[in-house]
Amino acid sequence: MPLDPSQLTQKQRVSYFVENIALRGVLGLAGFVPYRWRIPLIGKLVSALGPLVGFDRRIRDNLALTCPELTKPEVHRLCREVSNNAGRTIAELYAGAPFVDRAKAAPISGDGLKALEETRASGRPVILVTGHFGNYDAARAGLISRGFSMGALYRRMANPFFNTHYVRTISHIGTPMFEQGRRGMVEMVRHLKKGGIIAIVADLHVHDGELIDFFGTQAVTSTVPAELALKYNAALIPVYGVRQENGLDFEIILNPEIPASDPVTMTRAICDDLESMVRRHMGQWFWIHRRWKTLGFTPAPKKPSKGETSAKPQS
């Protein structure tokens, strides 16, 4: 979990401040470039910087662990594609209306769409679960434009200066936004209990999750989405914003609702569903994450439920 700004050292504050100025400068200058050129330009820039900032090394390590059958040319191609998609995603979030317009125009497909429509008609809450794949905010913006208003759980950025305008930027797509943590969890649960829709990105390492198989290797994974779905009788539906071949447009895919069973089984289904999407579009998942940090992992002791804040927040 990122440190609270009050806990940062003076050196960290200076470093984050300079980093934020540099990032804002690049994004600000890019804003003068027309959208159709700006997005691929930032994608190429981040891809070119990948070897210098450590992205390539992390991607290669993760692929060596999970996909050792890939050839060197395939790994090199994925290093470029993954960083390119990451750059495009950041540029799109800060693009405002042009990005939202693309998301609104994205076609929606998949068996989960019918489940979403039927669940909303019945008044039941919905948990849309996704991963750092394609551009998940394209799915959020596209669904909101079609009347599926939703809240979203987000993780605070380590850089407090960047976090301030980042949260403001993603809030323009839709609100409410719930910051990961105790207070955010209480607000999100309240939203669910009213029959609302929430969106959760569920492919980050957590400190008190469960070991769940992902790409043939166990990864510590939060069971919170499944726990919330069971506790509040919410439909748990996987959703993805899949980037199209032109690099600018998207398709929103909702896969079938995950059947209610138990938190671990349902979380396995979430991971399997995401893996199936990633295997079809390997360059669109954020292989830069330290997803498989299991060394020395000890599961947290299970505690009895104590009301609406008992579900473990992601960290």
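Structure: above.
Residues numbered from 1 in each chain as written. Predicted model: local features only at pLDDT ≥ 70, side-chain atom pairs only at ≥ 80, totals over all residues. Heavy atoms only, no water.

Enquirer: Where do I start with the pattern of salt bridges in this structure?
Expert: Should their charged atoms come close, side chains of opposite charge can pair. Applying the stated criterion to the full structure yields 8 salt bridges. For R102, the salt bridge identified is with D249, shortest N-O distance 2.8 Å. With R102 in helix α5 (residues 97–105) and D249 in the loop between β8 (235–243) and β9 (250–254), the pair connects residues that are 147 residues apart, well separated along the chain. Its relative accessible area of 27% is what places D249 among the partly exposed residues. A salt bridge links D137 to R140, with the shortest nitrogen-to-oxygen separation between them at 2.9 Å. Linking D137 with R140, this pair stays in helix α7 (residues 136–145), spanning 3 residues, or about one helical turn. (Salt bridge = Lys/Arg side-chain N within 4 Å of Asp/Glu carboxyl O. Helix = DSSP H or I, 4+ residues; strand = E, 2+ residues; numbered from the N terminus. Buried < 20%, exposed > 50% of the residue type's maximum accessible area, 1.4 Å probe, protein only.)

Enquirer: Just checking my understanding: could you explain the sheet that holds strand β4 (residues 177–179) for this structure?
Expert: As a general point, the strands of a sheet are linked pairwise by backbone hydrogen bonds and lie either parallel or antiparallel. With mixed pairing, 7 strands are arranged side by side in an open sheet as β1-β9-β8-β2-β5-β3-β4. The open sheet is flanked by β1 (108–109) and β4, the only strands paired with a single partner. Pairing analysis gives 5 bridges linking β8 to β9, with the strands arranged antiparallel. Its bridge partner being in β9, Y240 is matched across the sheet by I253. Against the sheet, α7 touches β1, β2 (126–130), β3 (151–154), β4, β5 (197–201), β8 and β9, its axis set at about 80° to β9. (Pairing = 2+ DSSP bridges. Contact = heavy atoms within 4.5 Å. Axes fitted to C-alpha atoms, helices over the stretch in contact; angles between N-to-C directions.)

Enquirer: Any chance you could explain the pairing of strand β6 (residues 210–214) here in plain terms?
Expert: Every regular strand shows the same layout, with side chains that alternate between the two sheet faces. Going residue by residue along β6, you find E210, I212 and F214 tucked away on one face and L211 and D213 left uncovered on the opposite face. Across 5 bridges, β6 lies against strand β7 (residues 217–221) in antiparallel orientation. Looking across to β7, one finds that E210 is bridged to T221. Remark: 2 residues form the turn of the hairpin made by β6 and β7, two consecutive strands paired antiparallel; F215 in that turn has positive phi of roughly 55°.

Enquirer: I keep staring at the packing of aromatic side chains and nothing clicks. Help me out?
Expert: Each aromatic ring pair is specified by the distance between its two centres and by the angle formed by the two planes. Summed over the entire model, instances satisfying the criterion amount to 10 aromatic pairs. Ring plane angle 85° and centroid distance 5.1 Å describe the contact between F214 and F215, whose orientation is recorded as edge-to-face. F214 sits in the buried class, given a relative accessible area of 1%. With relative accessibility at 2%, the residue F215 sits in the buried group. Ring geometry for W287 and W292: centres 6.1 Å apart, planes at 25°, overall stacked. A residue is classified by how much of its surface remains accessible, and W292, at 10% relative accessible area, is buried. Put simply, the rings of F214, F215, W285, W287 and W292 touch in pairs and so form one group of aromatic residues. Above the plane of the ring of W37 lies R36, whose end atom (NZ or CZ) is 4.6 Å from the centre. (Phe/Tyr/Trp six-rings, centres within 6.5 Å; stacked < 30°, edge-to-face > 60°. Lys NZ or Arg CZ within 6 Å of the ring centre and 35° of its normal.)

Enquirer: So what exactly am I meant to see when it comes to unusual backbone geometry here?
Expert: Most peptide bonds take the trans configuration, and most residues that are not glycine carry a negative phi. Here the residue pair T175 and P176 is connected by a cis peptide bond, since its omega of 10° sits within 30 degrees of zero. Topologically, P176 is positioned in the loop between α8 (160–171) and β4. Non-glycine residue F215 carries a positive phi angle of around 55°. On the secondary structure map, F215 appears in the loop between β6 and β7. The residue N233 is not glycine, and still its phi comes out positive at about 55°. Of note, N233 is situated in the loop between α10 (224–231) and β8. Its relative accessible area of 48% is what places N233 among the partly exposed residues.

Enquirer: Would you explain the nonpolar core in this entry?
Expert: The nonpolar side chains of a soluble globular protein tend to be buried with one another. Membership of the largest hydrophobic core comes to 40 residues, with the highest contact counts inside it found for F99, L116, L128, L143, I237 and L254. In this view, L116 contacts V126, L143, F148, I197, I237 and L254; residues no more than four positions away in its chain are not counted. In terms of nonpolar packing, the next biggest core, distinct from the first, is built from 24 residues, I253, C271, I288 and W292 among them. (Core = buried A, V, L, I, M, F, W, Y, C linked by side-chain atoms within 4.5 Å.)

Enquirer: Is there a simple way to think about the side chain of N85 in this case?
Expert: With respect to the element layout, N85 can be found in helix α4 (residues 72–93). On the basis of relative accessible area, N85 is assigned to the buried category, the value being 8%. At a separation of 3.2 Å, a polar atom in the side chain of N85 contacts the main-chain carbonyl oxygen of G134. When near neighbours in sequence (up to four residues on either side) are disregarded, N85 contacts G134, R243, G283 and Q284. (Polar contact = N/O pair within 3.5 Å; in protein donor to acceptor, adjacent residues only side chain to side chain.)

Enquirer: Just to check I follow, could you spell out empty space enclosed by the protein for this structure?
Expert: Empty pockets left among the atoms are what a rolling probe the size of a water molecule brings to light. Applying the stated criterion to the full structure yields 2 cavities of 30 Å³ or more. Roughly 70 Å³ of internal volume is contained in the largest cavity. As for the largest cavity, its lining consists of V129, T130, G131, A202, D203, F214, Y240, I270, C271, L274 and R291. The set of elements that each furnish at least two residues to the lining of the largest cavity consists of β2 and α11 (263–280). Looking at the lining of the largest cavity, its residues break down into 7 nonpolar, 2 polar and 2 charged. (1 Å grid on protein atoms, 1.4 Å probe; cavity = no way out; pocket = protein on both sides within 12 Å on 5 of 7 lines; lining within 4 Å. Points joined across faces, edges and corners; volume = space filled by probe spheres on them. Nonpolar A, V, L, I, M, F, W, Y, C, P; charged D, E, K, R; others polar.)

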